[in-house]
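This is what each chain is made of:
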Amino acid sequence: MNGHHVDSYLCIGCPLGCRLEVEEVHTDGVGDDIEVRGFTCKKGKEYGRQEHTDPRRVVTTTVALGGGAWDRLPVKTSAAVPKDLVRDVCRELRRVRVDAPVAMGTVVLKDVLGTGIDVVATRDL
Ligand code: SF4
């Protein structure tokens, strides 16, 4: 019972901002499982589990843009990437340069770092 490590996370699912506690509990014979506490709704329970086992973030940044009135194009990953890869995704995007005009939703980098996730323009420029 005692000595179990408990991690805390702030649920970002809605403005209520529930403080989640995630504990790895041992269930007889079937290995480890995770117990999430502090959520007010199901979304928080799922967020706590996800954040503990496979934290992910949508990367929002800009890439170089040529031939237009602006020299940077806002982009984001089309889905959340593993948190550990965020810096590497940004590094990859420093090498990307696209030419105007670009339509919102255009893929500027496909399958970034083999994640199966594309980086897309978030604005028409
Ligand atoms: S657990 Fe539910 S109610 Fe609480 S912050 Fe997350 S989404 Fe909102």
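Since the model is a prediction, treat every value here as computed from it, not as a measurement.

Conventions and cut-offs
- Residues numbered from 1 in each chain as written.
- Predicted model: local features only at pLDDT ≥ 70, side-chain atom pairs only at ≥ 80, totals over all residues.
- Helix = DSSP H or I, 4+ residues; strand = E, 2+ residues; numbered from the N terminus.
- Rg over C-alpha atoms; globule rule 2.2 N^0.38 Å.
- Buried ≥ 20, exposed ≤ 12 C-beta atoms within 10 Å, placed from the backbone.
- Contact = placed C-beta atoms within 7 Å.
- Domains from an automatic or database assignment.
- Near = placed C-beta within 6 Å.
- Nonpolar A, V, L, I, M, F, W, Y, C, P; charged D, E, K, R; others polar.
- Pairing = 2+ DSSP bridges.

Asks: So what exactly am I meant to see when it comes to the overall build of the chain here?
Replies: Check the secondary structure of the chain and you find 2 helices and 10 strands. Reading the helices (α) and strands (β) of the chain from amino to carboxyl end gives β-β-β-α-β-β-β-β-α-β-β-β. For 125 residues, the compact-globule estimate of 2.2 N^0.38 gives 14 Å, and the C-alpha radius of gyration of the chain, at 19 Å, exceeds that figure by more than 25%. With the C-alpha coordinates aligned to their principal axes, the bounding extent of the chain is approximately 65 × 30 × 20 Å. Relative to its full complement of 125 residues, the chain shows a buried share of 20%. Put simply, 44% of the contacts in the chain that link residues at least 6 apart link residues at least 24 apart.

Asks: Is there a simple way to think about the domain arrangement of the chain in this case?
Replies: Accessible area lost upon the coming together of the parts is a frequently used measure of interface size. Partitioning the chain into domains gives domain 1 (6–53) and domain 2 (60–121). Put simply, the middle of domain 1 and the middle of domain 2, counted by C-alpha atoms, are 31 Å apart.

Asks: Teacher, can you tell me more about the site of the ligand here?
Replies: Around the ligand, a shell composed of Cys 11, Gly 13, Cys 14, Leu 16, Gly 17, Cys 18, Phe 39, Thr 40, Cys 41, Lys 43 and Gly 44 is seen. Of the residues in the shell around the ligand, the class split is 6 nonpolar, 4 polar and 1 charged.

Asks: So what exactly am I meant to see when it comes to the pairing of strand E5 (residues 60–66) here?
Replies: On a regular strand, one side chain projects to one face of the sheet and the next to the other, so that they alternate. The pairing of E5 with strand E6 (residues 72–77) spans 5 bridges and is classified as antiparallel. When the bridges of E6 are listed, Thr 61 appears paired with Val 75. Where E5 hands over to E6, the hairpin turn is made up of 5 residues, of which Gly 67 adopts a positive phi near 80°. Where E5 and strand E8 (residues 97–99) come together, 3 bridges link them in parallel fashion. In the strand pairing of E8, Leu 65 is matched with Val 98.

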